[in-house]
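Topology and contacts: notes
What follows is the residue order along each chain.
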Amino acid sequence: MTNELVLASETPLPIVPDISELILGIVAFLILLFILKKYVVPRFEAAYEERAQKIEGGIEKAEKAQAQAEEALAKYQAQLKEARTEAAKIRDDARLEAEQIKAELRAEAEAESQRIVAQGQAQLQAQKAQIIAELRADMGRNAVELASRIVGESLEDEVRRRGTVDRFLAELETAGASNGAGK
């Protein structure tokens, strides 16, 4: 059995590495660690920093765009409010102007109506005066004729005829005025 122990102690264990391999592995690991730290990590950090800046820049751009959009919306709403106010003012002005035009047209129509009525009354007065003059002349002739028949005398004399006609007409006017006042 001693032989077996000696043989067993000389054969390397499969779990424990050889010292030369262990040193070579540690040196390779340190070289790899140095290369990673010197070249790869800075590139990863630069890429990470660049990516972070792009994201932050995108966020800033988005915030600026949102601020501009909000500002544009506020301007639009202000303009819309102003336009509505202006439209209301124009509508009110148009209503006032329509009322003024309506009042002017009504006043013109009333003035025209009064002018037509006044013109009609003037025509009636003129016709009345003409009819009265014609009636006076007819009544004067009829009165003279009737008086000459009743009296039996001829009133050929012009002065007498006029005096008689004027007296008769004055009596008629006095009688007409007293009848007109009683109405």
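In case you missed it, the structure is sitting above this.
Description of the structure in this document. (Residues numbered from 1 in each chain as written. Predicted model: local features only at pLDDT ≥ 70, side-chain atom pairs only at ≥ 80, totals over all residues. Heavy atoms only, no water.)

What about the pattern of salt bridges?
Considering all chains together, one arrives at four salt bridges under this definition. Of the charged contacts in the structure, one is a salt bridge between E71 and K75, with a shortest N-O distance of 3.7 Å. In this pair, E71 and K75 are both assigned in helix 2 (residues 19-151), four residues apart and thus about one turn of the helix distant. The class of E71 is partly exposed, set by a relative accessible area of 46%. Look at K75 and you get exposed, because its relative accessible area is 51%. Here D92 and R95 are joined by a salt bridge, their closest N and O atoms 3.5 Å apart. (Salt bridge = Lys/Arg side-chain N within 4 Å of Asp/Glu carboxyl O. Helix = DSSP H or I, 4+ residues; strand = E, 2+ residues; numbered from the N terminus. Buried < 20%, exposed > 50% of the residue type's maximum accessible area, 1.4 Å probe, protein only.)

Some words on a negative patch on the surface
On the surface, E45, E49, E56, E60 and E63 cluster together to form a negatively charged patch. Along the chain, E63 turns up in helix 2. (Patch = residues over 30% accessible without salt bridge, like charges linked within 9 Å, V, L, I, M, F, W, Y side chains within 5 Å. Areas by Shrake-Rupley, 256 points an atom, 1.4 Å probe, with all protein chains shown as cover. Lys, Arg positive; Asp, Glu negative; His and termini not counted. Charge placed at Lys NZ, Arg CZ, Asp CG, Glu CD.)

Some remarks on a nonpolar patch on the surface
Together, I19, I23, V27, I31, F34, I35 and Y39 give the surface a local cluster of nonpolar side chains, amounting to about 720 Å² of exposed area. By the element assignment, I23 lies in helix 2. The class of I23 is exposed, set by a relative accessible area of 51%.

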